[in-house]
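Residue strings, one per chain:
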Amino acid sequence: KVLDASGTHVFPGLIDCHVHFGFGEKITEYTTETVYAAQGGFATILGYFLNNEAYTDVYRREQEYARSRAHVDYGFHFTTCNELHIKELGDYVSGYGATSFKYFMNFKGEEGRYMGLDGTDDGYLYALLQESARVGKPTMVLHTENIEIVNRLRRQIQAAGGETLKDWAAAKPPLTESEPSIRAMFLAEKLGARVYFPHISSREAIEEIRKWRKRYPEVTFEVCPHYLTHTETSDLGGRGRANPPFRTQDDQDALWEALADGTADVVASDHVPRKKATKDKPLWLASQGFPGTATILPVLLSEGYHKRKLPLARICQLLCSAPAKIFHLDPVKGSLAPGADADFALVDLEKERTVKAEELGSYSDYSLYDGWKFKGWPVRTIVRGVTVMQDGRMVGPAGHGQYLFRRIGQPPVLGKI
């Protein structure tokens, strides 16, 4: 079948490698959030799980939910938080197609137990990175946060009556993001691990990563779109609560610089399909995170390509080829080369559209960008040769999306469960 793509630019199907499952409606979110992804030109999403149980059980349960509902291809990251996860790490890689694992450096001691986890420490991180090097060097996704400093600052700010997004940012200053990243890179170098930092938000952290990569190159990092568009002076209140927080204009400028000069590796959403009722609360009680996949490309095209002359090839690298390489999806994803899956995003660079959350399909009922007008939108999403979204309408079947059983050093196997 020959498709007329006149008037559009053809990207590989986009990849959002940072999506959270389990915070919306646990079963039907495989419908709603893959619809939402397809609306944004995404052919592949990788979802995180945080469970204090064996991921063999989680895997089977989630596959039952996903296989008949997903509109786009999907894969899983597992978050490691107990000794069983270290013990079974190699089994997750070889038997379940999980080649990336998350670890929260802030979920240590009492903070971990508060989250219902066993509570970990730097000794656990040491053992985790050591085991990752032994089982083939999967990508270790490390949330960098010094919770001891955060807790001390937060108590002081709350006692003083602080309740704005600027106060939230003051409780988690750049130091609390950059200092753990240095520790993580040092351990990775000593143990031969491969590390990836999600949602880097500050100039300070970027500068430390730049310096460190000169001595140990197996470090990559991600930028999220909301840090490219919002700062700590935003008046969103609880709706703007995220971790890390929105930061200063200088930090935002540093992120755009990192996209332009090649320092940043990936742009991903950190998508959480919250309802606004969980956000419209006093700041310290509002839930963290917000929906984001469908608006990543419009942000990068409107704010990046049109306003800042960010090259289209660089946007393609950030959303396609780099996440495919880092997360073991290449060469079948993130590319237009012969032999790759027929995943395409047809994009109208001149199309102007005002964001309306209800038109994008997420379980979440709001967007950070409600009422914003962006220039540059995907108009067709094709997953393995099948059109799933056209001109804002879903036209592809539920269940077309397939599981990506990823393998280190080899192409992923499609549909293996």
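See the structure printed just above.
Presented here is a report on the structure given in the accompanying data block.

Conventions used here
- Residues numbered from 1 in each chain as written.
- Predicted model: local features only at pLDDT ≥ 70, side-chain atom pairs only at ≥ 80, totals over all residues.
- Heavy atoms only, no water.
- 1 Å grid on protein atoms, 1.4 Å probe; cavity = no way out; pocket = protein on both sides within 12 Å on 5 of 7 lines; lining within 4 Å.
- Points joined across faces, edges and corners; volume = space filled by probe spheres on them.
- Helix = DSSP H or I, 4+ residues; strand = E, 2+ residues; numbered from the N terminus.
- Nonpolar A, V, L, I, M, F, W, Y, C, P; charged D, E, K, R; others polar.
- Pairing = 2+ DSSP bridges.
- Contact = heavy atoms within 4.5 Å.
- Axes fitted to C-alpha atoms, helices over the stretch in contact; angles between N-to-C directions.
- Phe/Tyr/Trp six-rings, centres within 6.5 Å; stacked < 30°, edge-to-face > 60°.
- Buried < 20%, exposed > 50% of the residue type's maximum accessible area, 1.4 Å probe, protein only.
- Lys NZ or Arg CZ within 6 Å of the ring centre and 35° of its normal.
- Parallel < 35°, antiparallel > 145°, perpendicular 65-115°, else oblique.
- Left-handed = near helix turned anticlockwise from the far one by under 90°.
- Expected span 1.5 Å × (residues − 1).
- Arc of directions from axis to C-beta.
- Polar contact = N/O pair within 3.5 Å; in protein donor to acceptor, adjacent residues only side chain to side chain.
- Patch = residues over 30% accessible without salt bridge, like charges linked within 9 Å, V, L, I, M, F, W, Y side chains within 5 Å.
- Areas by Shrake-Rupley, 256 points an atom, 1.4 Å probe, with all protein chains shown as cover.
- Salt bridge = Lys/Arg side-chain N within 4 Å of Asp/Glu carboxyl O.

## Quick look at the layout of surface pockets
Then, in step 1: When its volume is computed, the largest pocket comes out at roughly 960 Å³.
Then, in step 2: If you trace the largest pocket, you find 39 residues lining it, with Phe107, Met115, Asn243, Arg274 and Gln288 closest to the centre.
Then, in step 3: For the lining of the largest pocket, the secondary-structure elements that each account for two or more residues are strand S3 (42–50), strand S5 (100–104), helix H5 (110–114) and helix H7 (147–159).
Then, in step 4: Looking at side-chain class alone, the lining of the largest pocket contains 16 nonpolar, 13 polar and ten charged residues.
Then, in step 5: Looking at the second largest pocket, its volume works out to about 310 Å³.

## Let's talk about the sheet that holds strand S10 (residues 344–354)
Then, in step 1: Strand order in the open sheet formed by five strands is S1-S10-S11-S12-S13, with antiparallel pairing between adjacent strands. The open sheet is flanked by strand S1 (9–12) and strand S13 (393–394), the only strands paired with a single partner.
Then, in step 2: Each of S1 and S10 touches helix H14 (residues 312–326); the most contacted strand, S1, lies at about 30° to it.

## A closer look at the packing of aromatic side chains
Then, in step 1: Going through the model one piece at a time under the given rule, you end up with 26 aromatic pairs.
Then, in step 2: Centroid distance Tyr59 to Phe76: 6.2 Å. Interplanar angle 85°. Geometry classified as edge-to-face. Taken together, the residues span a long stretch of sequence, with Tyr59 in helix H2 (residues 55–66) and Phe76 in strand S4 (residues 73–79) at a distance of 17 residues. Per residue, the accessibility class of Tyr59 equals that of Phe76, and both read buried.
Then, in step 3: Relative to Trp212, the ring of Phe186 lies with its centre 6.4 Å away and its plane at 65°, an arrangement referred to as edge-to-face. Here Phe186, found in helix H9 (residues 175–191), pairs with Trp212, found in helix H10 (residues 203–213); they are 26 residues apart in sequence, far enough to count as distant.
Then, in step 4: Positioned over the ring face of Tyr48 is Lys102, at 4.7 Å from the centre of the ring.

## Description of the pairing of strand S15 (residues 410–414)
Then, in step 1: Pairing of strand S14 (residues 404–407) with S15, which is carried by three bridges, proceeds in the antiparallel orientation. When the bridges of S15 are listed, Leu404 appears paired with Leu414.
Then, in step 2: Following S14, the chain reverses through two residues before pairing antiparallel with S15; Gly409 in that reversal takes a positive phi of roughly 85°.

## Topic: the packing of helix H6 (residues 122–134) against H9
Then, in step 1: In the contact formed by H6 and H9, the axes pass within 9 Å of each other and the chain directions differ by 40°. Looking at the two axes, H6 sits oblique to H9. As for how H6 packs across H9, the hand of that crossing is right-handed. Residue-level contacts link Asp122, Leu125, Tyr126, Leu129, Gln130 and Ala133 of H6 to Arg183, Ala184, Leu187, Ala188 and Leu191 of H9.
Then, in step 2: For the contact of H6 with H9, a count of residues per class yields eight nonpolar, one polar and two charged.

## Things to note about H6
Then, in step 1: For H6, with 13 residues, the first-to-last C-alpha span of 18 Å sits near the 18 Å given by 1.5 Å per residue.
Then, in step 2: Burial in H6 covers these residues: Tyr124, Leu125, Leu128, Leu129, Glu131 and Ser132. Taken down its axis, H6 places every buried residue within 165° of arc, on the same side.
Then, in step 3: The inward-facing, buried residues of H6 contact helix H3 (83–87), helix H4 (89–96), S5, strand S6 (139–143), H9 and strand S7 (194–197).
Then, in step 4: Two to three positions downstream of the cap, the backbone nitrogen of Gly123 sits 3.0 Å from a side-chain oxygen, assigning the N-cap of H6 to Asp121.
Then, in step 5: Positive phi shows up at Gly136, right after H6, with a value of about 115°.

## Structural notes on the environment of Glu145
Then, in step 1: Along the chain, Glu145 falls in the loop between S6 and H7.
Then, in step 2: Residue class for Glu145 comes out buried when judged on its relative accessible area of 4%.
Then, in step 3: Along the sequence, Glu145 and Phe104 sit 41 residues apart, while their C-alpha atoms lie 7.8 Å from each other.
Then, in step 4: Ignoring anything within four residues of it in the chain, the contact list for Glu145 reads Met105, Asn106, Val150, Lys172, Thr176, Pro180 and Asn243.

## Here we look at a nonpolar patch on the surface
Then, in step 1: Taken together, the side chains of Leu50, Tyr114 and Met115 make up a nonpolar region of the molecular surface, amounting to roughly 330 Å² of accessible area.
Then, in step 2: Its place among the elements puts Leu50 in strand S3.

## Describing empty space enclosed by the protein
Then, in step 1: Overall, the coordinates contain four cavities of 30 Å³ or more when judged by the stated rule.
Then, in step 2: Taken as a whole, the largest cavity holds about 50 Å³ of empty space.
Then, in step 3: Around the largest cavity, the lining residues are His143, Thr144, Glu145, Lys172, Thr176, Glu177, Asn243, Pro244, Pro245 and Arg247.
Then, in step 4: Here the residues of the lining of the largest cavity are counted per class, giving two nonpolar, four polar and four charged.

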